There are 2 protein chains.
Amino acid sequence: MAETHTHKPEPVADVLADHGVRPTSQRETVYRSLLQQRDHPTADEVFARVRENAPTISLATVYNCLDVLVQHKLVKAVNFERGPTQYCANLAPHAHFHDEAGGTLDIDMPPEMITQLLGLLPENFDVKHIEVNFHGRTPSA
Amino acid sequence: MAETHTHKPEPVADVLADHGVRPTSQRETVYRSLLQQRDHPTADEVFARVRENAPTISLATVYNCLDVLVQHKLVKAVNFERGPTQYCANLAPHAHFHDEAGGTLDIDMPPEMITQLLGLLPENFDVKHIEVNFHGRTPSA
DNA sequence: CAGGTAATTAGAATTATTCTAAAATAAGTC
DNA sequence: GACTTATTTTAGAATAATTCTAATTACCTG
Ligand SMILES: [Mn+2]
Ligand SMILES: [Mn+2]
Ligand SMILES: [Zn+2]
Ligand SMILES: [Zn+2]
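Model, not experiment: these values are computed from the prediction.

An account of the protein's contact with DNA strand D is needed here, citing residue identities and associated values.
Taken together, 15 residues lie near DNA strand D, and A:Thr24, A:Ser58, A:Thr61, B:Tyr63 and B:Thr85 sit nearest. Of everything in DNA strand D that lies within 4 Å of the protein, sugar and phosphate atoms constitute 84%. One of the side-chain N or O atoms of A:Thr61 is found 2.5 Å from a phosphate oxygen in DNA strand D. A distance of 3.4 Å is found between a phosphate oxygen of DNA strand D and a side-chain nitrogen or oxygen belonging to A:Arg82. When residues of the surface near DNA strand D are traced back to their parent elements, those giving at least two are helix 2 (25-36) and helix 4 (59-71) of chain A together with helix 4 (59-71) of chain B.

So, in structure tokens, the structure goes:
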């Protein structure tokens, strides 16, 4: 068999609890949806998706759940040029490529790039967060 | 005398014309305001500022002028976390530091940093624009 | 000056998001 | 398990930045 590191997948409810989030069914559904489909959906898109499994969930609740997940750092909020906020379950440091044709891609950011970027700032600045966005076109062919 | 390169400051109207923008009094006023006060004002703030000189200008016109200036690359639009768009007359490539205490600072970006960032992308991606935002605190003392 | 095009304006409309207040759910206590 | 309290969910109203609409004004060219 090929697998070297096998983590038995921790149940979503436990992940939430471990991050101090009370695992309600709505939160689990929203989080699961982001883990499963790793494009960068907007709140509306998440709402549409989770409605399949949780037909009675409200849009306000989707916003609430997303906010809680972002607050507790289980999910990242991605903004680009006044578009609706998109949500991302990729916790590794990464940049985003926004394709003019639509769609947002994760671009891996090696630690040395982060270091270099921080080097642009005066010594004593306290940085909480770096955000790198590319905008352009992916090859059409 | 110290000055080595002295450009006699080109009249704002000419700069606009040179960039294919018809120099109306409103556009001149808006652009001049951004050149003079180089913080990163929002459309509302620009509106408040230009009202001193052009008391009859409308907010819609301020938005129109800012859009035209951005389209013709005389001004950059800066977005951060769903806040109102801010406008920047600094045309040199630079990142932005968003202070939690309020205020946005320009952070110079040397060409080699741009090159490095572009190196993160697959070869054939066509990049129109890169955006780097820092978020944190500047030293309080 | 006339006619045509482009810009400005006030106000209505839009959109994503947040707020409000009530109902439902969960948790903690005897 | 009923009682109490805190948290979450919900529908709908409210907000805020921006864009749109349609009418007016300014500019330019012949
Ligand atoms: Mn999307
Ligand atoms: Mn500001
Ligand atoms: Zn991402
Ligand atoms: Zn700037």
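Next, the rest of the story.
Explain the coordination of the zinc ion (ligand 3) to me, and be specific about the residues and the numbers.
Residues and elements named next belong to chain A. Ligation of the zinc ion (ligand 3) by protein atoms is provided by His40 (NE2), Cys88 (SG), His94 (NE2), His96 (NE2) and Asp106 (OD), these donors lying 2.1 to 2.3 Å from the ion. Along the chain, the residues donating to the zinc ion (ligand 3) are arranged with the sequence spacing H-x47-C-x5-H-x1-H-x9-D. Remark: Cys88 occurs in strand 2 (residues 86-88) and His40 occurs in the loop between helix 2 and helix 3 (43-53); sequence separation between them is 48 residues. On the basis of relative accessible area, His40 is assigned to the buried category, the value being 6%.

Tell me what's going on with the pattern of salt bridges, and back it up with residues and numbers.
If you walk through the whole model with that rule in mind, you get eight salt bridges over all chains. With a closest N to O distance of 2.6 Å, A:Asp39 and A:Arg49 form a salt bridge. Here A:Asp39 is found in the loop between helix 2 and helix 3, whereas its partner A:Arg49 is found in helix 3, with ten residues between them in sequence. When the shortest N-O distance is used, the salt bridge between A:Glu100 and A:Arg137 registers 3.2 Å. Taken together, the residues span a long stretch of sequence, with A:Glu100 in the loop between strand 3 (94-99) and strand 4 (104-108) and A:Arg137 in strand 5 (residues 126-137) at a distance of 37 residues. A relative accessible area of 35% places A:Glu100 in the partly exposed class. The class for A:Arg137 is partly exposed, based on a relative accessible area of 37%. Three or more residues are tied together by salt bridges with common partners; here these are A:Glu100, A:Arg137 and B:Lys128.

Reading the values: the criteria
Positions within a chain are numbered from 1, following the residues in the order the chain's sequence is written. Chains carry letters and ligands carry numbers; both start at the beginning, A for chains and 1 for ligands, and go up in the order they are written. Local features in this predicted model are restricted to residues of pLDDT 70 or higher, and side-chain atom pairs are both shown and tallied only at a pLDDT of 80 or more, whereas totals for entire chains, interfaces and linings draw on every residue. Excluding hydrogens and water, the side-chain figures rest on all heavy atoms present in the structure. Consider each residue's heavy atoms; a residue with any of them within 4 Å of a molecule or strand counts as near. Polar contact is the term for a pair of N or O atoms within 3.5 Å; when the atoms are in protein, one must be able to donate a hydrogen and the other to accept it, and sequence-neighboring residues count only if both atoms are side-chain atoms. Helix and strand definitions here come from DSSP, where helices need a minimum of 4 consecutive H or I residues and strands a minimum of 2 consecutive E residues; each element is numbered from the N-terminal end. Distances define the donors: N, O and S atoms within 2.8 Å of the metal qualify, as do those within 3.2 Å of Na, K or Ca. Water is excluded, so some sites may look unfinished. Residue exposure (1.4 Å probe, protein chains only): buried if accessible area is under 20% of the type maximum, exposed if over 50%, otherwise partly exposed. We count a salt bridge whenever a side-chain nitrogen from Lys or Arg sits within 4 Å of a carboxyl oxygen from Asp or Glu.

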